[in-house]
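So the chains spell out like this:
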Amino acid sequence: VAPNSTANQANVVGEIYSHPILGFGRHASSRFYPTNTDAINQTLVTNGFPRMSTDATGRQYVVFSGGPNYVPDPDSIVFGSLEGNINNRLTDLANGPGNQLIGTVTAPSGVTTDQFVSRLIQYTLNYNTNQFIYSIVPAIGTGYNSNSYVDGLIQSAGVTMNAGTNWRYPGISTPVPAQNFNPR
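Presented here is a report on the structure given in the accompanying data block. Computed from a prediction, not measured in an experiment: that's the story for all the values here. (Residues numbered from 1 in each chain as written. Predicted model: local features only at pLDDT ≥ 70, side-chain atom pairs only at ≥ 80, totals over all residues. Heavy atoms only, no water.)

## Focus on the overall build of the chain
What the chain contains, in helices and strands, is four helices and six strands. Traced from its N-terminal end to its C-terminal end, the chain shows the element sequence β-β-α-β-β-β-α-β-α-α. Expressed as a percentage of its 184 residues, the buried residues of the chain come to 47%. Within the chain, contacts between residues at least 6 apart in sequence are counted, and of these 68% link residues at least 24 apart. Element-wise, carbon and sulfur atoms account for 54% of the exposed surface of the chain, whose accessible area totals about 8,600 Å². (Helix = DSSP H or I, 4+ residues; strand = E, 2+ residues; numbered from the N terminus. Buried < 20%, exposed > 50% of the residue type's maximum accessible area, 1.4 Å probe, protein only. Contact = heavy atoms within 4.5 Å. Areas by Shrake-Rupley, 256 points an atom, 1.4 Å probe, with all protein chains shown as cover.)

## Quick look at the packing of helix 3 (residues 113–127) against helix 4 (residues 146–156)
Close contact between helix 3 and helix 4 brings their axes to 10 Å; oriented N to C, the two are set at 125°. Between helix 3 and helix 4, the angle falls in the class oblique. The crossing of helix 3 and helix 4 is right-handed. Residues L120, Y123, T124 and Y127 of helix 3 form the contact with helix 4, whose participating residues are Y149, L153, I154 and S156. A class-by-class count of the residues in the contact of helix 3 with helix 4 yields six nonpolar, two polar and no charged. (Axes fitted to C-alpha atoms, helices over the stretch in contact; angles between N-to-C directions. Parallel < 35°, antiparallel > 145°, perpendicular 65-115°, else oblique. Left-handed = near helix turned anticlockwise from the far one by under 90°. Nonpolar A, V, L, I, M, F, W, Y, C, P; charged D, E, K, R; others polar.)

## Focus: helix 4
Of all eleven residues making up helix 4, ten are buried, and the element is well covered by its neighbours. Buried within helix 4 are the following residues: S146, N147, S148, Y149, V150, D151, G152, L153, I154 and S156. The inward-facing, buried residues of helix 4 contact strand 2 (25–32), strand 4 (60–68), strand 5 (82–86), strand 6 (100–106) and helix 3. The N-terminus of helix 4 is capped by N145, whose side-chain oxygen sits 3.0 Å from the backbone nitrogen of N147. Phi turns positive one or two residues past the end of helix 4, at G158, with a value near 95°. (Polar contact = N/O pair within 3.5 Å; in protein donor to acceptor, adjacent residues only side chain to side chain.)

Spelled out as structure tokens, the structure:
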């Protein structure tokens, strides 16, 4: 059922997807279907992000995810910092069999999908001014990973993800703190 469908529960504005990574875990991303696609696309382009993608039914969507920036950092030998991404990880944009729907996002009462997406764009911009060190498995090392980023981003907007929280999603139980999405 589409996120904007009247058959959905009240105020579901997005979906959580995941795909396999490194053979043992899954990488989570969040997907939203705004109503005013022209305004959201303009905001994305103005801030240096790619335009929205289109699914098999012709609906445009925006994807929020996190991942390593691979810029050498003295505290992270291999991966660099954890970077907030919008529409720029091809594996998150894919609609193939490896990318599975695992949950939904329900916005706070009175918040539209477009308002929620605009908030997440701003939070991503805020976070990217002061990134954390990337860690593949935060429970083993220090830092945060892509699952930590998605969970923290959604929580910073005032809601929780309705998705898996087990060992298959390393880092999802270690969200990036909400204050890191506030303006600096």
